[in-house]
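Chain by chain, the residues:
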Amino acid sequence: MDYEDAVKKIQETGSIYLNDLRALKYDDLFELVEEIKKWCVYANGNVSKLKKSKSKKTKK
């Protein structure tokens, strides 16, 4: 499972299992949790407003 699959599952069902989160790589998990935090605060829990793809941050 990757970031896009996790977002798709949340959008379809409105939830995600802990086992699905365990299957994510650390970077994908971190990005998903950050997106969920923004989504809860700014989008009032509207699942259609979740970002469908990961932002590509460059590491120094």
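A side chain of one charge can pair with a side chain of the opposite charge when the charged atoms of the two come close. Under the definition given, this model contains two salt bridges. In this structure, the salt-bridge partner of Asp20 is Lys9, at a minimum N-O distance of 2.6 Å. Of this pair, Asp20 sits in helix α2 (residues 18-22) while Lys9 sits in helix α1 (residues 3-13); the two residues are eleven residues apart in sequence, bridging distant segments of the chain. Given the relative accessible area of 14%, Asp20 is considered buried. Classification of Lys9 as partly exposed rests on a relative accessible area of 24%.

Let us look at helix α3 (residues 26-42). If you check α3, its first and last C-alpha atoms are 24 Å apart, about what 17 residues at 1.5 Å a residue would give, namely 24 Å. Along α3, the residues that are buried comprise Asp28, Glu31, Leu32, Glu35 and Trp39. Buried residues of α3, seen end-on, are gathered within an arc of 100° and therefore sit on one face of the element. Projecting away from the buried face of α3 at angles above 90 degrees are the exposed residues Tyr26 and Val41. Those residues of α3 hidden inside the fold are in contact with α1 and α2. Looking one or two places after α3, you find Asn44, whose phi comes out positive at around 55°.

Reading the values: the criteria
Residues numbered from 1 in each chain as written. Predicted model: local features only at pLDDT ≥ 70, side-chain atom pairs only at ≥ 80, totals over all residues. Heavy atoms only, no water. Salt bridge = Lys/Arg side-chain N within 4 Å of Asp/Glu carboxyl O. Helix = DSSP H or I, 4+ residues; strand = E, 2+ residues; numbered from the N terminus. Buried < 20%, exposed > 50% of the residue type's maximum accessible area, 1.4 Å probe, protein only. Expected span 1.5 Å × (residues − 1). Arc of directions from axis to C-beta. Contact = heavy atoms within 4.5 Å.

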